[in-house]
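Now for the letters of each chain:
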Amino acid sequence: MIIAQNISKDFNGIQAVKDISFQVKEGQTLVLLGTSGCGKTTTLKILNRLIEPSSGAVRINGEDIFSLKPEMLRRSIGYVSQNSGLFPHYTVAENIAIVPKLLGWDQKKIRQRSEDLLRQLKLSVTEYAGKYPDELSGGEKQRVALARALASDPPVLLMDEPFGALDPITRAAVQKEFLELPELKSKTIVLVTHDVQEAFALGDQICLMDKGGIMQTGTPKELIFGPENEFSRNFFSHQRLQLELSALKFKDIWKELPDAKRGSEASLESAQSLWEGMELLAENNQEMLSVINADTDSVKEITIQTIQSVYLEIKRNR
Ligand SMILES: Nc1ncnc2c1ncn2[C@@H]1O[C@H](COP(=O)(O)OP(=O)(O)OP(=O)(O)O)[C@@H](O)[C@H]1O
Ligand SMILES: [Mg+2]
C-alpha cells in the first residue's frame, strides 16, 4: 500500500532524514520509533507532502504521490498531527466535518458520520459536538483529531504521537481501545512514537530510527530477539524482559500449553501476549487463567509457572 524508496530530506544542509526506505502492506501498521529529533515527523510529513523530500520516491496504492496535487492526495490520507492540529475557531463537529465538506457530502450524511465517530471514540455527542478545542483536555483533543482523520474513511492513516498527551495509565487504556476500534482494523497506518511499549503494542512492523536513518526494521519479535546491531540491542535493554514477553503471543507457544478443563471461561485470546497474561494473573490475583484460540476453537490454561518455564526454554534455545 505504501512504498517509500530512498527518501532524504535536508533542511539548509542538515540531513534530517537520510536515505530511508520502507513498505507497509495493506491493513498493517508500521511504527516509526526513535528518540526526539531522529526524523520521525519529517518522514511522516513526506508521505502526505506536507514536506517535500530532497530526493526519493513514494508510491501509495500504486500511485506516485508526486504526480498528484497535494490537496487531492491528502483527501485519501487521514492525518493526526503531533499537536492535534484542531482549528481553534471551529467546534468539534465542524472540525470533523472539514474533509467530508470538501468532498461535497450532504449535511445529513456529515452529521451522521461525525456523531457515529464521536460515539466510537467514547465522546458523548450532546456534550462534545458543540465544544471548541480549548474546552477539551489533551486526551479529548487527540480523540477528536483521530475522529477528524477518520471522517471520510480514508484507506491510509498517518498518526504522529497520537497518544502523546496522555498519562501512562490512560495511554495504555486508549491504546487498547484503539486496537479494538472496528474502524481501524482495515486501515493501513503509519504511526510515530518514541514509546517502546506503544510501538510493541501497536506495530506489525517497527522501523527503529536514529539520526535520520533506519537502524533496523522488523516485527517486535525480530527486533527484540534478533537485534542486528549494537544500537538495536542497546535501545531495548532497559525493558528487555517486559518487551520479550510482550513480543511473544500465546499462539506462538500454543503447543507448549496444557489444555484447559472443559467449559472453562477464557479471559484471554491467543493473539495476546505473555506479558498481558502475566498482568491479568497478577491483577486478578488468580493462579490460573484460560486462553482461547478462536481459529482452532481450543482453550488452554496458563499459570505464572508455565509462562516462566516456556519463556526460559525459548531463551535457552536462542
Ligand atoms: N522546518 C525545519 N527546518 C529546519 N530543521 C528542521 C525542520 N523540521 C525539522 N528539523 C530538524 O530535523 C530533525 C528531525 O526533526 P523531526 O521533527 O522529524 O524529529 P522527530 O523525530 O519527529 O522528533 P520529536 O520526537 O521530538 O517530535 C531535527 O533535528 C529538527 O531540528
Ligand atoms: Mg516529531
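Residues numbered from 1 in each chain as written. Chains lettered and ligands numbered in written order. Predicted model: local features only at pLDDT ≥ 70, side-chain atom pairs only at ≥ 80, totals over all residues.

Chemist: Could you give an account of the sheet that holds strand 12 (residues 289-293), with specific residues and numbers?
Modeler: With mixed pairing, the 3 strands of this open sheet are ordered in space as 11-12-13. Unpaired on one side and paired on the other, strand 11 (268-269) and strand 13 (298-302) mark the two borders of the sheet. For strand 12 and strand 13, the ladder comprises 5 bridges, and the chain directions are antiparallel. Across the sheet, residue Ser 290 finds its bridge partner in strand 13, namely Glu 301. (Pairing = 2+ DSSP bridges. Helix = DSSP H or I, 4+ residues; strand = E, 2+ residues; numbered from the N terminus.)

Chemist: I'd like a rundown of the site of ligand 1, residues and numbers included.
Modeler: Around ligand 1 sit Phe 11, Ala 16, Gly 34, Ser 36, Gly 37, Cys 38, Gly 39, Lys 40, Thr 41, Thr 42, Gln 82 and His 194, and that is every residue in its neighbourhood. The dominant element in the shell around ligand 1, judged by the number of residues it contributes, is helix 1 (residues 40-47), at 3 residues. Class assignment of the residues belonging to the shell around ligand 1 gives a composition of 3 nonpolar, 8 polar and 1 charged. (Near = placed C-beta within 6 Å. Nonpolar A, V, L, I, M, F, W, Y, C, P; charged D, E, K, R; others polar.)

Chemist: If you had to explain helix 14 (residues 274-283) to someone new, which residues and values would you point to?
Modeler: Count 3.6 residues to each turn of an α-helix, and residues three or four apart come out pointing the same way. Of all the positions in helix 14, only Leu 274, Trp 275 and Gly 277 are classed as buried. Considered in projection along helix 14, the buried side chains sweep an arc of 160 degrees and stay on one side of the axis. Next to the buried residues of helix 14 lie helix 13 (240-247), strand 11, strand 12, strand 13 and helix 15 (304-316). Phi for Asn 285, located one or two positions after helix 14, is positive at around 50 degrees. (Buried ≥ 20, exposed ≤ 12 C-beta atoms within 10 Å, placed from the backbone. Arc of directions from axis to C-beta. Contact = placed C-beta atoms within 7 Å.)

Chemist: Just give me the short version of the pairing of strand 8 (residues 188-193), but keep the residues and values in it.
Modeler: Every regular strand shows the same layout, with side chains that alternate between the two sheet faces. The element strand 8 is largely enclosed, with a buried count of 6 among its 6 residues. Here strand 8 shows a buried face lined by Thr 188, Val 190 and Val 192 and a second buried face lined by Ile 189, Leu 191 and Thr 193. Sheet analysis places strand 3 (residues 29-33) next to strand 8, joined by 5 bridges and oriented parallel. When the bridges of strand 8 are listed, Leu 32 appears paired with Val 192. With 5 bridges connecting them, strand 7 (residues 156-160) and strand 8 associate as parallel partners. Considered in strand 8, the bridge of Asp 160 is made with Val 192.

Chemist: So what's going on with the nonpolar core? Residues and values would help.
Modeler: Among the nonpolar cores identified, the biggest contains 66 residues, and Leu 33, Ala 147, Val 190 and Leu 208 are the most heavily contacted of them. The element best represented in this core is helix 7 (residues 138-150), accounting for 6 residues. Per-domain counts for this core show at least three residues from each of domain 1 (2-240) and domain 2 (248-316). Apart from residues no more than four positions distant in its own chain, Val 190 is found in contact with Ile 2, Val 24, Leu 30, Leu 32, Leu 44, Leu 47 and Leu 158. (Core = buried A, V, L, I, M, F, W, Y, C linked by C-beta atoms within 7 Å. Domains from an automatic or database assignment.)

Chemist: Requested: an account of the packing of helix 14 against helix 15, with residues and values cited.
Modeler: With their axes 10 Å apart at the nearest point, helix 14 and helix 15 run at an angle of 155 degrees to one another. With respect to their mutual orientation, helix 14 and helix 15 come out roughly antiparallel. Judged by the twist between their axes, the crossing of helix 14 over helix 15 is left-handed. The residues of helix 15 that touch helix 14, namely those facing Leu 274, Gly 277, Met 278 and Leu 281, are Ile 304, Ile 307 and Tyr 311. Its residues placed into classes, the contact of helix 14 with helix 15 shows 6 nonpolar, 1 polar and no charged. (Axes fitted to C-alpha atoms, helices over the stretch in contact; angles between N-to-C directions. Parallel < 35°, antiparallel > 145°, perpendicular 65-115°, else oblique. Left-handed = near helix turned anticlockwise from the far one by under 90°.)

Chemist: Any chance you could break down the sheet that holds strand 2 (residues 14-24) for me, citing the residues and the numbers?
Modeler: Spatially, 4 strands are ordered 2-1-4-5 in an open sheet, and the strand pairing comes out antiparallel. Taken across any chain shown, the strands that pair with only one partner, and hence form the sheet edges, are strand 2 and strand 5 (63-64). Two elements, strand 1 (residues 2-11) and strand 2, share 7 bridges in a ladder whose sense is antiparallel. The residue of strand 2 that forms the bridge with Asp 10 is Gln 15.

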